[in-house]
Protein chains: 2
Amino acid sequence: MHFASNIDSVSNVPGRPKSKRRSGCPVSISLERFGDRWSLLIIRDLMVRGFRTFKDFEESGEGIATNILTDRLQKLEAKGIITAEPEETDGRRVNYRLTEKGIDLAPVLLELLIWGARHEETGAPCALITKMEKNREEVLAEVRRRWRERDPNPFLPKFSERNSEQARRER
Amino acid sequence: MHFASNIDSVSNVPGRPKSKRRSGCPVSISLERFGDRWSLLIIRDLMVRGFRTFKDFEESGEGIATNILTDRLQKLEAKGIITAEPEETDGRRVNYRLTEKGIDLAPVLLELLIWGARHEETGAPCALITKMEKNREEVLAEVRRRWRERDPNPFLPKFSERNSEQARRER
DNA sequence: AATATTACTTGCAAAATGCAAGTTATTTTC
DNA sequence: GAAAATAACTTGCATTTTGCAAGTAATATT
């Protein structure tokens, strides 16, 4: 299984406008869409934490600045990754939700979760991660079902700073 | 399948030192490791483009600044994601290589590739992406085999700006 | 009508990124 | 052996991004 064709000639492009895409690689393009400091975390919280409103993010304790949060929500909406709907019964509030394009990021987030839990010290219980690793399809199906049915309950908790089991194992 | 326990109480931490981790979530922690603008692209290029040296990155045409490239390579080494070895026959050169921890990011990059190709206009041929989607395990096994055997040939090409097939389909 | 809530906006500071020239160590060329 | 070239950086400064903290406008509650 070999996918590489002849390598394109090297082409530095000095002074190229910043808005122009640097490459046609899907990884680059994906990271252009949500590779900044906060976007994937916002997507995660919409996906698995049950977040819906600006205040949910603001009070999550993760420390995002409100001007940045506003900016990111607007950009994610502009890219079709989330929607923003005014709440019918309270005109002050906006309800944010992942689109089909947004929920399709579930596999990326699942792999980041698994990598992080496997290679770094985290607050995620090992049993939980092992179960998710062994049941990727089911996890993704469940995440998608909850999204489709607008289940407001969080699928994953906010993990605390340090997993004491993992801390003990480290010694 | 429901993983959420009781949500931890909201805890804003004003004035918390920046070096402190914001949460114990593996996704957050992963992004702390390589969530900046360039790190995942460097990992991708080591993984599937056959890159080994500083010059490979510098001449890739992607536009990374040399001070940033130096900084990222050093940080990725410090985090155990890559190694940097002087070349035995030429003391000027350093050979960079993914570690076990680094190659374990292959699933993340594969999912990013698939998402990007599915949802954005890219230079990746549809047939290629479809094949990769249908054969995730084989693709990952092949990427890992090439890494283990230090195969210098690129596994994926540098995709050009726009896939004409995709452009035609867009009309 | 006063107060509180929600989602922002604003001006400015701090941090991160990038440019382009320069440096150091090493190899190649003559 | 000296000069030139190469490889991987370093440096000073400019630009961009992120973040702080106070403020604003619309809307709901009391």
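The coordinates are above.
Scoring rules and cut-offs
- Residues numbered from 1 in each chain as written.
- Chains lettered and ligands numbered in written order.
- Predicted model: local features only at pLDDT ≥ 70, side-chain atom pairs only at ≥ 80, totals over all residues.
- Helix = DSSP H or I, 4+ residues; strand = E, 2+ residues; numbered from the N terminus.
- Buried ≥ 20, exposed ≤ 12 C-beta atoms within 10 Å, placed from the backbone.
- Expected span 1.5 Å × (residues − 1).
- Arc of directions from axis to C-beta.
- Contact = placed C-beta atoms within 7 Å.
- Near = placed C-beta within 6 Å.
- Nonpolar A, V, L, I, M, F, W, Y, C, P; charged D, E, K, R; others polar.
- Pairing = 2+ DSSP bridges.
- Core = buried A, V, L, I, M, F, W, Y, C linked by C-beta atoms within 7 Å.
- Axes fitted to C-alpha atoms, helices over the stretch in contact; angles between N-to-C directions.
- Parallel < 35°, antiparallel > 145°, perpendicular 65-115°, else oblique.

## Description of the overall build of chain A
The helix and strand tally for chain A stands at nine helices and two strands. Reading chain A from its N terminus to its C terminus gives the helix and strand order α-α-α-α-β-β-α-α-α-α-α. Residues classed as buried in chain A amount to 37% of the 171 residues present.

## Thoughts on helix H4 (residues 66–78) of chain B
Residue and element names in this part refer to chain B. When the terminal C-alpha atoms of H4 are compared, their 18 Å separation across 13 residues agrees well with the 18 Å that a helix rising 1.5 Å per residue should span. For H4, the set of buried residues is Arg 72, Leu 73 and Leu 76. Considered in projection along H4, the buried side chains sweep an arc of 100° and stay on one side of the axis. Turned more than 90 degrees off the buried face of H4, the exposed positions are Asn 67, Gln 74 and Ala 78. Structurally, H4 contributes buried residues whose contacts are with helix H2 (39–48), strand S1 (82–87) and strand S2 (90–98). Immediately beyond the C-terminal end of H4, within one or two residues, lies Gly 80, with a positive phi of roughly 75°.

## Looking at the protein's contact with DNA strand D
Around DNA strand D sit 23 residues, and of these Ala 65 and Gly 91 of chain A together with Thr 53, Phe 54 and Lys 55 of chain B come closest. Residue contributions to the surface near DNA strand D peak at four residues, all from H4 of chain B. When grouped by side-chain class, the residues that make up the surface near DNA strand D number eight nonpolar, eight polar and seven charged.

## A short note on the protein's contact with DNA strand C
Looking at DNA strand C, there are 23 residues lining it, with Thr 53, Phe 54 and Lys 55 of chain A together with Ala 65 and Gly 91 of chain B nearest. Taken together, the elements giving at least two residues each to the surface near DNA strand C come down to helix H3 (54–58), helix H4 (66–78) and strand S2 (90–98) of chain A together with H4 and S2 of chain B. When residues in the surface near DNA strand C are grouped by element, the largest group, four residues, is from H4 of chain A. Counted by class, the surface near DNA strand C contains eight nonpolar, eight polar and seven charged residues.

## Remarks on unusual backbone geometry
Its identity as a non-glycine residue notwithstanding, Arg 150 of chain A has a phi of 55°, on the positive side. Its location among the elements puts Arg 150 of chain A in the loop between helix H8 (136–148) and helix H9 (164–170).

## A word on the pairing of S2 of chain A
Residue and element names in this part refer to chain A. For strand S1 (residues 82–87) and S2, the ladder comprises six bridges, and the chain directions are antiparallel. The partner of Thr 83 across the bridge, within S2, is Arg 97. Hairpin connection of S1 to S2: two residues between the antiparallel strands.

## Some thoughts on the nonpolar core
Residues Ile 43, Met 47 and Leu 109 of chain A together with Ile 43, Met 47 and Leu 109 of chain B are the most contacted members of the largest nonpolar core, which totals 78 residues. Apart from the residues within four sequence positions on either side, Met 47 of chain A is in contact with Leu 98, Ile 103, Ala 106, Leu 109 and Val 143 of chain A.

## With respect to the packing of helix H1 (residues 26–34) of chain A against helix H6 (residues 106–119) of chain B
It is the contact of H1 of chain A with H6 of chain B, at a shortest axis distance of 7 Å, that shows an interaxial angle of 80°. Viewed along their axes, H1 of chain A and H6 of chain B adopt a mutual orientation that is roughly perpendicular. Contact with H1 of chain A, carried on its side by Pro 26, Val 27, Ile 29 and Ser 30 of chain A, involves Leu 109, Leu 112, Leu 113, Trp 115, Gly 116 and Ala 117 of chain B of H6 of chain B and no other residues of that element. Its residues placed into classes, the contact of H1 of chain A with H6 of chain B shows eight nonpolar, two polar and no charged.

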